[in-house]
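# Architecture and fold: a report
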Amino acid sequence: MSEMLLTPHTHTDGAILGGDLVDRAARLKQVPDDKAMLRAVAELTRDLAAPNPRIFWSDFLLSALVGYAGLAVAIMSGTLWVQCVAALVSILGLYRAGGFIHEVTHVKHSALPGFRFGFNAVIGVPLLVPSYMYEGIHNLHHARTRYGTDQDPEYLPLALMKPWTLPLFIFASLLAPFALLFRNAVLAPLSLFIPALRQIVVERYSGLAINPAFRRRPAEGDAHRNWIVQETAASIWSIALLTGVFTGFIQLQSFLIFLAIVASVAVLNQVRTLVAHLWENDGEPLSVTAQFLDSVNVPPPGLLAEIWAPVGLRYHALHHLLPSVPYHALGTAHKRLTAQLAPDSAYHRANYDGLAGLVYRLARSTRLQHQPVK
């Protein structure tokens, strides 16, 4: 068994040096698969693959209802503190509801009929992130030979990059709603008449990716039809919003509150993305176990993770082992595996305490990695 499987990761105590990070990145590529862990994962979770429609629909619709109710109060209230509280409620509600785009990407639609349409009608199109922008993108992140390479749309070696990349990473998400409005209201309609522009829109501006080198391929078959329907709906919605503002039908203040809340949801999701992995792979293909060890679980007893990493995202490392298991079953899977696997199993080495420590670890890694050698 590799040394990395026997040596605990440095967690949140700040004992991280640049050289250690380089060594960890090198050892990560040498980690073999922990066959006992992978066998236990398969055997102990066979009964957890089916999504529960009642849980999905009630959780999603209640989250969306809370989010939109908060948005309405934030827009209509004339009291600043009420607006602020309502905006916070709206952000958290819409953030949780938006997190179901991840489930839409993984779930078998025959097992949850109508949910993709419901997601796009309630959240995807209104918040400018229809599911086609994630479907066909996120599954590449789970491909065995793509994870952590330049062919992975959702991976950057952030821990190995310059310190300024982290604030830039967050700032980019703040501009997301403005970029999506422009994409849907201007670029998408124009691209229907300009083939060269259409190619650019499809390749670069049609996926929720963080890797700037990634280029998306056009979808085919049913995926293409879903793309066109959702993109058309998002374009009509974006044009209607902007038209309403410019004609005075929608008050500018109301529109700006809406944009601020959507931008805050995007920033919160970007912060969560920042700690979904350790981001220590430098571009080489990794074993499944190495991919797991480069990913993060933030299991109970901490409660805050259920807010900033909702809909099962607190078990992101486990999700990389069980991408088809629905979010509501990941907690059960984690309990079973924790109880069953030996203390030296790789499984226990992907568990972390919370958001603050993970952000500190990553920020410290980028800073120390690029300190001048004295």
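Whatever comes next refers back to the structure up there.
Read on for an overview of the structure. (Residues numbered from 1 in each chain as written. Predicted model: local features only at pLDDT ≥ 70, side-chain atom pairs only at ≥ 80, totals over all residues. Heavy atoms only, no water.)

### A look at the layout of surface pockets
For the second largest pocket, the calculated volume is near 410 Å³. In this structure, the second largest pocket is lined by 19 residues; those nearest its centre are Gly136, Leu140, Phe214, Arg216 and Arg217. Here the lining of the second largest pocket gets four residues from one element, more than from any other, and that element is helix H12 (residues 221–247). Classifying every residue of the lining of the second largest pocket by side-chain character gives eight nonpolar, three polar and eight charged. (1 Å grid on protein atoms, 1.4 Å probe; cavity = no way out; pocket = protein on both sides within 12 Å on 5 of 7 lines; lining within 4 Å. Points joined across faces, edges and corners; volume = space filled by probe spheres on them. Helix = DSSP H or I, 4+ residues; strand = E, 2+ residues; numbered from the N terminus. Nonpolar A, V, L, I, M, F, W, Y, C, P; charged D, E, K, R; others polar.)

### Considering the pattern of salt bridges
In the structure shown here, the tally under the stated rule is 11 salt bridges. For Arg96, the salt bridge goes to Glu306, with nearest N and O atoms at 3.3 Å. Highlighted residues: Arg96 in helix H5 (residues 80–98) and Glu306 in helix H15 (residues 305–308), separated in sequence by 210 residues. Linking Arg314 and Glu306 is a salt bridge whose minimum nitrogen-to-oxygen distance equals 3.5 Å. (Salt bridge = Lys/Arg side-chain N within 4 Å of Asp/Glu carboxyl O.)

### A closer look at the packing of helix H10 (residues 176–191) against helix H13 (residues 252–274)
At a minimum axis separation of 8 Å, H10 and H13 run at an interaxial angle of 110°. Relative to H13, the element H10 is oriented roughly perpendicular. On H13, the residues that touch Ala176, Pro177, Phe178 and Leu181 of H10 are Phe255, Leu259, Val262, Ala263 and Ala266. Grouping the amino acids of the contact of H10 with H13 by side-chain chemistry returns nine nonpolar, no polar and no charged. (Axes fitted to C-alpha atoms, helices over the stretch in contact; angles between N-to-C directions. Parallel < 35°, antiparallel > 145°, perpendicular 65-115°, else oblique. Contact = heavy atoms within 4.5 Å.)

### What about unusual backbone geometry?
Of the consecutive residues Pro300 and Pro301, the connecting peptide bond is found in the cis state with omega at 20°. Position of Pro301 among the secondary structure elements: in the loop between helix H14 (288–293) and H15. With phi around 70°, Leu128 is a residue other than glycine that occupies positive phi space. Among the structural elements, Leu128 can be located in the loop between helix H7 (115–124) and helix H8 (138–141). Unusually for a residue other than glycine, Val311 sits at a positive phi of about 55°. Relative to the assigned elements, Val311 resides in the loop between H15 and helix H16 (316–321).

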